[in-house]
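# Chains, contacts and geometry: an overview
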There are 2 protein chains.
Amino acid sequence: MKVAEIGEDRLLARLLRNIPVNRLVISGAGDDCAVVAPPTERELLLLKTDCVVEGIHFASDADAAAVGWKAMARPLSDFAAVAGRPRFALVTLLIDRATELSWVTKLYRGLRRAASRFGVAIVGGETSNTTGPKTISVTITGAAERERWVSRSGGKPGDALFVTGRLGGAIGGRHLRFVPRIDEARWLAEHFEIHAMMDLSDGLGTDLPRLARASGVGFELNHEALPRNRGCTIEQALSDGEDYELLFAVAPDTSDVLLRRWRKRWPLKLTRIGQLTKNATRRNALPSGYVHFT
Amino acid sequence: MKVAEIGEDRLLARLLRNIPVNRLVISGAGDDCAVVAPPTERELLLLKTDCVVEGIHFASDADAAAVGWKAMARPLSDFAAVAGRPRFALVTLLIDRATELSWVTKLYRGLRRAASRFGVAIVGGETSNTTGPKTISVTITGAAERERWVSRSGGKPGDALFVTGRLGGAIGGRHLRFVPRIDEARWLAEHFEIHAMMDLSDGLGTDLPRLARASGVGFELNHEALPRNRGCTIEQALSDGEDYELLFAVAPDTSDVLLRRWRKRWPLKLTRIGQLTKNATRRNALPSGYVHFT
């Protein structure tokens, strides 16, 4: 059956069946606005929107459930970047009316799975017709403790730079099934003073200079130390992108104890890859001679 | 100049120049999440997302500033529907890289104008490339007093039904320049017990049955009383849609005093158009013999 045969009202009703809600949802999908419990007095409100577009962020023949997972996981990864707690999601779906209903149902299964994994309630959905590529836009709101959220801009000269997991080669499939590092980020912010943090979506070679620029510092990168996925070169670890790992900066004297406590707590790899420097003009993360073609 | 010639980072920087922010914004566009002040303890959090698609919600040759206004005004109208106060907006822009930069600049002018008009800060922006129709998706968050937000579902048998402004004919141009009835809705909720309210986006003939269904009641509509725009038939007032006027229900004994006080306070027309009834099976708002072709 095609989307056109069921109609938007019935489609939405079907998609929103079994969506994850929680006790914070006062009025979810179906009214003009979603009405939910606000953050507590001790928290700040966090907002993020992100979209995935067919042909750019996923191939036309990609598994729809994996596409749904990715569409939800990308903005969730931004919550990890600021050490925030995601709570509510709104989903906008732009598809051709000739799309198979089963594709949309699978997409929602993936969206729901990623939302549930992190306690997020889907509180609104919208679908619109398009003749263009399928697009899924997800907005997430949540909260972080006032004194604990982490920006990109607090890095200081001398700070040790760490990266979680391994980099490179995500296009082989990991870009569709990565796990946002929310739990790890919240643990980090709870136990250590994280000066600056971000998630790696465009590749360390692009993202590290952004963190340095936001912090008004430079950096030194130990290219040989980069944790790489199997079969990946240093160049790939720097440039492939879509790793969705955490990059963060802490005071250098925190470095050893952080590594030690991390290894007791998390199976995920954590690697010190360099440091922030005073010299704000040295911000090229790519090895000399490497040319970025995109 | 085309969007492709400037690049996404510079484009975003340019678009986000002069965007309206306010003292509630702690960290706006540029970091992984926007970080903003939460609602107060006495408020609830409101969330809404909506999008406009070229060829569906606006014509390809429509003025870009008007398209921007509409893209922001549509979700703002949903805040009016619940008597909420909008505060923060996130904007997702899907355009072909061959789009003229001037078009995008004008679009943002319209987005900014509508946001500023209602004290809304734009706290995040995203652009993505598409080969399909131009699409602008706007998510707005805000707040409403815990005891004062209005849903669609509180209508009671006997309630008087009111509609603001005039209906029909929006396609002639009003659909691109309507003013969300936020100020009026907040005044209503402050001074009267509004049982149920919604904004009219799909036309009274479609939206009134939705309100009745959500409230578990039926309705009687005085077709002759419908406030129509110049040159519009009753059928058009019921079916054209995109009026973005308020439809609301109050206890019948509130009706006269509400009308009197409204007329002292607002120049906008307010008309009693019917009532809610016990009989939940009578929910066709269209005059007998009328066939809805879409």
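Refer to the structure above for everything that follows.
So, a few notes on the structure that sits alongside this text. Remember, predicted model here, so these are calculated numbers, not experimental data.

### Digging into the side chain of A:Arg181
Turning to its location among the elements, A:Arg181 is positioned in the loop between β7 (160-164) and α5 (182-191). Beyond its immediate stretch of four places on either side in the chain, A:Arg181 contacts A:Ala80, A:Thr164, A:Tyr244, A:Glu245, A:Leu246 and A:Leu268.

### Quick look at the pairing of strand β3 (residues 43-53) of chain B
Judged by how many residues are buried, β3(B) sits mostly within the fold: 11 of 11 residues are covered. As paired strands, strand β2 (residues 34-36) of chain A and β3(B) are joined by three bridges and run antiparallel to one another. Within β3(B), the residue paired with A:Val36 across the bridge is B:Leu45. Bridge count between β3(B) and strand β6 (residues 135-145) of chain B: 11 bridges; the pairing is antiparallel. Note on β6(B): the bridge partner recorded for B:Thr49 is B:Thr139.

### Describing the relation of the copies chain B and chain A
With an RMSD of 0.0 Å, chain B superimposes on chain A once it is rotated by 180° and translated 0.0 Å along the axis. With respect to symmetry, the two chain copies, as superposed, fit the operation of a two-fold axis. When C-alpha positions in chain B are compared against the rotation axis, the closest is assigned to B:Gly132, at 1.7 Å.

### Here's the deal with the interface of chain B and chain A
Across the contact, 56 residues belong to chain B and 56 residues belong to chain A. Of the roughly 4,200 Å² buried between chain B and chain A, counting both surfaces, carbon and sulfur atoms make up 62%. It is B:Asp32, B:Leu45 and B:Leu47 in chain B that bury the most area against chain A; as a group they hold 18% of the surface buried on that side. For the pair chain B and chain A, the number of links is four salt bridges.

### Concerning a positive patch on the surface
A cluster of basic side chains, namely A:Arg166, A:Arg230, A:Arg263 and A:Lys269, defines a positive patch on the protein surface. Along the chain, the position of A:Arg166 falls in the loop between β7 and α5.

### Structural notes on the packing of aromatic side chains
The way to describe two aromatic rings as a pair is by their centre distance and the angle between their planes. A full pass over the atoms with the stated rule returns 12 aromatic pairs over all chains. Here A:Trp187 and A:Trp262 contribute two aromatic rings whose centre-to-centre distance is 5.9 Å and whose plane-to-plane angle is 75°, an arrangement assigned as edge-to-face. Taken together, the residues span a long stretch of sequence, with A:Trp187 in helix α5 and A:Trp262 in helix α8 (residues 255-265) at a distance of 75 residues. Side by side, A:Trp187 and A:Trp262 carry an identical accessibility label, which is buried. By the ring-pair criterion, three or more aromatic residues cluster together here, those being A:Trp187, A:Phe192, A:Trp262 and A:Trp266. We note A:Arg117 situated over the ring of A:Phe118; from NZ or CZ to the ring centre the distance is 4.5 Å. The ring of B:Trp266 has B:Arg265 lying over it, and the distance from NZ or CZ to the ring centre is 3.9 Å.

### Quick look at the sheet that holds strand β5 (residues 121-129) of chain B
Taken in spatial order, the six strands make up an open sheet running β1(A)-β2(A)-β3(B)-β6(B)-β4(B)-β5(B), and their pairing is mixed. At either end of the open sheet lies a strand with only one pairing partner, and these are β1 (25-27) of chain A together with β5 of chain B. Neighbouring strand axes in the sheet, compared pairwise and without regard to direction, differ in orientation by 20° on average. Across the sheet, helix α2 (residues 8-15) of chain B is in contact with β4 (85-95) and β5 of chain B; its angle to β5(B) comes to roughly 150°. Lying over the sheet, helix α4 (residues 101-117) of chain B contacts β4, β5 and β6 of chain B, oriented at roughly 165° with respect to β4(B).

### Some points on the packing of helix α3 (residues 64-81) of chain A against helix α4 (residues 101-117) of chain A
Residue and element names in this part refer to chain A. For the pair α3 and α4, interaxial distance at closest approach is 6 Å and the crossing angle is 40°. Seen from above, α3 lies across α4 with right-handed handedness. Residues Ala64, Ala65, Val67, Gly68, Trp69, Ala71, Met72 and Leu76 of α3 form the contact with α4, whose own contacting residues are Trp103, Lys106, Leu107, Gly110, Leu111, Arg113, Ala114, Ala115 and Arg117. Broken down by class, the residue content of the contact of α3 with α4 amounts to 12 nonpolar, two polar and three charged.

### What to know about the sheet that holds strand β8 (residues 196-199) of chain A
Residue and element names in this part refer to chain A. Taken in spatial order, the five strands make up an open sheet running β8-β10-β7-β11-β9, and their pairing is antiparallel. The sheet is open, and its two edges are formed by β8 and β9 (218-221), each paired on a single side. On average, each strand axis in the sheet is inclined to that of its neighbour by 25°, with strand direction left out of account. Inspection of the sheet shows β8 paired to strand β10 (residues 246-250) by four bridges, in the antiparallel sense. Paired with Met198 across the bridge in β10 is Leu247. This element, helix α6 (residues 204-215), spans β7, β8, β9, β10 and β11 (270-277) of the sheet and lies at about 150° to β8. Across the face of the sheet, α8 comes into contact with β7, β10 and β11 while running at roughly 160° to β11.

Criteria and thresholds
- Residues numbered from 1 in each chain as written.
- Chains lettered and ligands numbered in written order.
- Predicted model: local features only at pLDDT ≥ 70, side-chain atom pairs only at ≥ 80, totals over all residues.
- Heavy atoms only, no water.
- Helix = DSSP H or I, 4+ residues; strand = E, 2+ residues; numbered from the N terminus.
- Contact = heavy atoms within 4.5 Å.
- Buried < 20%, exposed > 50% of the residue type's maximum accessible area, 1.4 Å probe, protein only.
- Pairing = 2+ DSSP bridges.
- Least-squares fit on C-alpha atoms with pLDDT ≥ 70 in both.
- Buried area = accessible area lost by both parts, 1.4 Å probe.
- Salt bridge = Lys/Arg side-chain N within 4 Å of Asp/Glu carboxyl O.
- Patch = residues over 30% accessible without salt bridge, like charges linked within 9 Å, V, L, I, M, F, W, Y side chains within 5 Å.
- Areas by Shrake-Rupley, 256 points an atom, 1.4 Å probe, with all protein chains shown as cover.
- Lys, Arg positive; Asp, Glu negative; His and termini not counted.
- Charge placed at Lys NZ, Arg CZ, Asp CG, Glu CD.
- Phe/Tyr/Trp six-rings, centres within 6.5 Å; stacked < 30°, edge-to-face > 60°.
- Lys NZ or Arg CZ within 6 Å of the ring centre and 35° of its normal.
- Axes fitted to C-alpha atoms, helices over the stretch in contact; angles between N-to-C directions.
- Left-handed = near helix turned anticlockwise from the far one by under 90°.
- Nonpolar A, V, L, I, M, F, W, Y, C, P; charged D, E, K, R; others polar.

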